[in-house]
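# Coordinate inspection notes
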Amino acid sequence: MRLNAAGVEDSRLDAELLMAFAAGVTRERLIATTIAIDDGLRERYARLIDKRVARMPLAYIVGRREFYSIDLEVTPEVLIPRPETETLVTTALTFIKERKALRVIDLGTGSGAIALAIAAVERNTQIVATDVSAAAIAVAARNAIRVGVAARVEFRRADCWTVIDSGEAIGRFDLIVSNPPYVRDAEIASLAPEIRDYEPRAALAGGPDGLDLYRRIALDATIHLTPGGSLMVEVGEGQATEVATIFRAAGLGEIITVVNDLAGIPRVVVARRS
Ligand SMILES: C[S@@+](CC[C@H](N)C(=O)[O-])C[C@H]1O[C@@H](n2cnc3c(N)ncnc32)[C@H](O)[C@@H]1O
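The structure displayed is predicted, hence computed values, not measured ones.

## Some thoughts on the sheet that holds strand β3 (residues 103-107)
Here we have eight strands laid out as an open sheet, ordered β6-β5-β4-β3-β7-β8-β10-β9, and mixed in their pairing. At either margin of the open sheet sits one strand with a lone partner, and together these are β6 (162-163) and β9 (255-260). Inspection of the sheet shows strand β8 (residues 225-234) paired to strand β10 (residues 266-272) by five bridges, in the antiparallel sense. Paired with Met 232 across the strands is Val 270, a residue of β10. Sitting on the sheet, helix α12 (residues 240-249) is in contact with β8, β9 and β10, with an inclination near 15° to β10.

## Quick look at the domain arrangement of the protein
Taken domain by domain, the protein holds domain 1 (2-54) and domain 2 (75-272). The distance between the C-alpha centroids of domain 1 and domain 2 comes to 34 Å.

## Here's the deal with the environment of Ser 133
With respect to the secondary-structure elements, Ser 133 resides in the loop between β4 (126-131) and α8 (134-147). Its relative accessible area of 21% is what places Ser 133 among the partly exposed residues.

## So, the pattern of salt bridges
Per the stated rule, a full pass over the model turns up 21 salt bridges. For Arg 184, the salt bridge goes to Glu 187, with nearest N and O atoms at 2.7 Å. Close ionic contact of Asp 212 with Arg 215 constitutes a salt bridge, the shortest N to O distance being 3.6 Å. Taken together, the positions of Asp 212 and Arg 215, both in helix α11 (residues 212-224) and three residues apart, correspond to about one turn of that helix. You can call Arg 215 partly exposed: its relative accessible area is 36%.

## Concerning the site of the ligand
Looking at the ligand, there are 19 residues lining it, with Gly 108, Asp 131, Asp 159, Cys 160 and Asn 179 nearest. In the environment of the ligand, a nitrogen atom lies 2.8 Å from a nitrogen or oxygen atom belonging to the backbone of Cys 160. A distance of 2.8 Å is found between an oxygen atom of the ligand and a side-chain nitrogen or oxygen belonging to Asn 179. In isolation the ligand offers 600 Å² of accessible surface; the protein chains occlude 94% of this area. Here the shell around the ligand is built from residues that sort into 11 nonpolar, five polar and three charged.

## A closer look at the nonpolar core
Among soluble globular proteins, nonpolar side chains are generally buried collectively. One finds Leu 116, Ile 118, Val 153, Phe 155, Leu 175, Val 177 and Met 232 to be the most contacted residues of the largest nonpolar core, which totals 32 residues. When contributions to this core are tallied by element, the ones reaching two or more residues are β2 (70-73), α6 (86-99), α7 (113-121), β4, α8, β5 (153-159), β7 (173-178) and β10. By residue number, the principal contributor to this core is α7, which donates seven residues. Dropping the residues within four chain positions of it, Val 153 is found in contact with Leu 116, Ala 119, Ile 127 and Ala 129.

## Focus on the side chain of Asp 106
Along the polypeptide, Asp 106 turns up in strand β3. No salt bridge is formed by the buried Asp 106; the nearest opposite charge belongs to Arg 152, separated by 13 Å. A polar side-chain atom of Asp 106 sits 2.7 Å from a polar atom in the side chain of Thr 109. Apart from residues no more than four positions distant in its own chain, Asp 106 is found in contact with Ile 114, Ala 115, Val 128, Ala 129, Thr 130, Val 177 and Ser 178.

## Re the pairing of β5
Two elements, β4 and β5, share five bridges in a ladder whose sense is parallel. Across the sheet, residue Ile 127 finds its bridge partner in β5, namely Val 153. Handedness of the crossover is the feature at issue here: the chain leaves β4, passes through α8, returns alongside β5, and the resulting connection is right-handed. Judged from the two bridges that link them, β5 and β6 form a sheet pairing that is antiparallel. Bridging across to β6, Asp 159 finds its partner in Thr 162.

Scoring rules and cut-offs
Residues numbered from 1 in each chain as written. Predicted model: local features only at pLDDT ≥ 70, side-chain atom pairs only at ≥ 80, totals over all residues. Heavy atoms only, no water. Pairing = 2+ DSSP bridges. Helix = DSSP H or I, 4+ residues; strand = E, 2+ residues; numbered from the N terminus. Contact = heavy atoms within 4.5 Å. Axes fitted to C-alpha atoms, helices over the stretch in contact; angles between N-to-C directions. Domains from an automatic or database assignment. Buried < 20%, exposed > 50% of the residue type's maximum accessible area, 1.4 Å probe, protein only. Salt bridge = Lys/Arg side-chain N within 4 Å of Asp/Glu carboxyl O. Near = heavy atom within 4 Å. Polar contact = N/O pair within 3.5 Å; in protein donor to acceptor, adjacent residues only side chain to side chain. Areas by Shrake-Rupley, 256 points an atom, 1.4 Å probe, with all protein chains shown as cover. Nonpolar A, V, L, I, M, F, W, Y, C, P; charged D, E, K, R; others polar. Core = buried A, V, L, I, M, F, W, Y, C linked by side-chain atoms within 4.5 Å. Lys, Arg positive; Asp, Glu negative; His and termini not counted. Right-handed = clockwise from strand over helix to strand, strands pointing away.

Right under this line is the structure:
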């Protein structure tokens, strides 16, 4: 099979999903029923397989990905939302429920995954979602409409805390969430082709030690947090201790906790302001 030969993991599942996409049916329907394969379908399927053989991620080929039960458009301008990022959403939702956090900012929103998942559950929350990439903001704004939460999410183009969209400065929030780029620059070359060759570099590259953006976020976080507010970030494997150290050095050390993802990997670092 061509996908196997090209080194694609889960090649059978991908083949089924691509056939379903080409036929305009769900995978479940494809498996449960018999569909007529005509020349048009065969041709469409072959073109999709060509893309996957070239190691384009399935989500970019079909243009969508489900995240925290919301259906998101994804394009090569945005990171494909990862299952482990749902840990940050769950942690944020728990804080919002406990503290009645009303103002939330998502720094580096990409497809809008985190901001929109929160907005879809917490209907009293006002969310600001930022990204340095104008193309990502455009995708995220379409996703806000798609998910039905556009009235409660404001998009801002910003380089970390510095606005680029010439609006008001970024204000203060009860909760700051972020899944920043955290791959060490030197590691990018050894990533799987799906990531290395297709996902935006700005969504991956975190500087020489992968921690550049954590430092920048932490530096001004206290200015942007209301008293009792919280900063919570996703981290890469093995980065939790270093990120906690960065937070402490920035005066965010009062209470720091780490939350594991479903695989047991320390995934979210949470700092609280008194
Ligand atoms: C790892 S991706 C996360 C995307 C999305 N939040 C998610 O979890 O799927 C990081 C995002 O941060 C954005 N980004 C990178 N550097 C940034 C900066 N200096 N200021 C704001 N956003 C930045 C990238 O464009 C990218 O969309």
